[in-house]
Amino acid sequence: MICFFVNPASGGGNGTRVWKKVERAIRNRESWSVVFTEKPGSIKEHLESGAFSDITAAIAVGGDGTIHELANAIKGRDIHLGVIPAGSGNDFARALGISNDPVKAAENIFLGRTIRLDLGSLDERLFLTAVGSGFDGEVARVTNKAAYKKWLNRINAGRLAYLIGVVQVLIRYRSCKVRMEINDEKFELDNVWLIAAANLKYYGGGLPICPTADGEDGKLSICAIHGVSKLKALTILPRVVTGSHTGLKGVAMLEGQSCKITSDSPLPIQYDGEYAGKMNAVIRNIPSAITVII
Ligand SMILES: Nc1ncnc2c1ncn2[C@@H]1O[C@H](COP(=O)(O)OP(=O)(O)OP(=O)(O)O)[C@@H](O)[C@H]1O
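Residues numbered from 1 in each chain as written. Predicted model: local features only at pLDDT ≥ 70, side-chain atom pairs only at ≥ 80, totals over all residues.

### Overview of the site of the ligand
Stage number 1. Surrounding the ligand, one finds 23 residues, the nearest of these being Pro40, Gly63, Gly65, Gly87 and Gly89.
Stage number 2. Ranked by residues supplied to the shell around the ligand, first place goes to helix H3 (residues 64–73) with four residues.
Stage number 3. For the shell around the ligand, the two domains that each supply at least three residues are domain 1 (2–114) and domain 2 (130–287). (Near = placed C-beta within 6 Å. Helix = DSSP H or I, 4+ residues; strand = E, 2+ residues; numbered from the N terminus. Domains from an automatic or database assignment.)

### A look at the pairing of strand S14 (residues 258–262)
Stage number 1. Where burial is concerned, the two faces of S14 differ: the one with Cys259 and Ile261 is buried and the one with Ser258, Lys260 and Thr262 is not.
Stage number 2. Note that strand S8 (residues 176–182) and S14 share four bridges and pair antiparallel. Looking across to S14, one finds that Glu181 is bridged to Lys260.
Stage number 3. Taken together, the four bridges between S14 and strand S17 (residues 281–293) define a ladder with antiparallel strand orientation. In the sheet register, Ile261 faces S17, and the bridge partner there is Ala281. (Buried ≥ 20, exposed ≤ 12 C-beta atoms within 10 Å, placed from the backbone. Pairing = 2+ DSSP bridges.)

### Digging into the nonpolar core
Stage number 1. Within the largest apolar cluster, 82 residues are counted, with the highest numbers of intra-cluster contacts made by Ile59, Val61 and Ala196.
Stage number 2. Of the domains in this structure, domain 1 (2–114) and domain 2 (130–287) are the two that each give at least three residues to this core.
Stage number 3. Those residues in contact with Val61, other than ones at most four positions away along the chain, are Phe4, Phe5, Val6, Asn7, Gly15, Val18, Trp19, Val22, Ile84 and Ala86. (Core = buried A, V, L, I, M, F, W, Y, C linked by C-beta atoms within 7 Å. Contact = placed C-beta atoms within 7 Å.)

### Some words on the pairing of strand S16 (residues 274–279)
Stage number 1. Relative to S16, strand S15 (residues 267–271) is paired through five bridges, and the arrangement is antiparallel. The partner of Ile269 across the bridge, within S16, is Gly277.
Stage number 2. Connecting the antiparallel pair S15 and S16 is a turn made up of two residues, with Asp272 showing a positive phi of about 50°.

### Some details on the environment of Val35
Stage number 1. Residue position: Val35 is located in strand S2 (residues 32–36).
Stage number 2. Linking Val35 and Cys3, residues 32 residues apart in sequence, is a C-alpha distance of 7.3 Å.
Stage number 3. If we skip the residues at most four places from it in the chain, Val35 touches Cys3, Phe5 and His46.

Set out below in structure tokens:
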């Protein structure tokens, strides 16, 4: 049984619109059911209710936050994961080349072609795309609670909300000293603006922060922007839009199975675009952790 978990709130209401198209397209197919999420966390509640014991595939109709919830809710169970993109960022779907056309994406779900994908973990929680600490964690904190996000999502301008958040944070954000440990190698970094640890290459709605990240290689790709003034950081950050930041002075690209980030004052962290809080982070790659329908 395939179960679609539709988040009506994703993409500022896009979830419902996308589901209507999918429903028309799959009306004559068998062995599927649908659940509408009521609030953050409700996917887990539904799955734990015991009413879904016959699910073989769980499909998020939503954005990266919905698929993040779904992956965590099916943790440890033999359920394939899929997505019909309906969010504002859709970085998971973008990285895996999943169609933005709801009907095509739904057809592919029923074709059932799968890959084994690595996941990342931040403490006990799983993530699919990337963890960002420092500047982008702060952007997630500011943007996710901003009233303008809902407004802009409603007019399909979710990316603009993120850009406003970037400008807000740029004005007041200060770099700091960070201790980073990749596998067993220790680094002391000054003037750290951000450290991202990625399973897949995009975050923030299509920003290729780690352009060579590969969700099937058993490693995290790590990008640290550090050791530069705010003025210099301001010239680097826009280059992330095209992925052309990687060779610049002040940008270190690394990789490893694990990445620990600690600082005297814990940094704000986001994972899959969701704000996780201020913390010292232990991030790991979990190789071939999940089966994804692509
Ligand atoms: N019925 C609901 N009402 C409000 N929020 C919900 C509901 N169901 C789920 N959510 C929450 O909605 C949040 C946003 O969903 P999601 O991330 O999929 O959309 P998005 O932010 O538009 O997309 P993206 O993350 O790709 O930019 C998630 O954190 C999820 O927990």
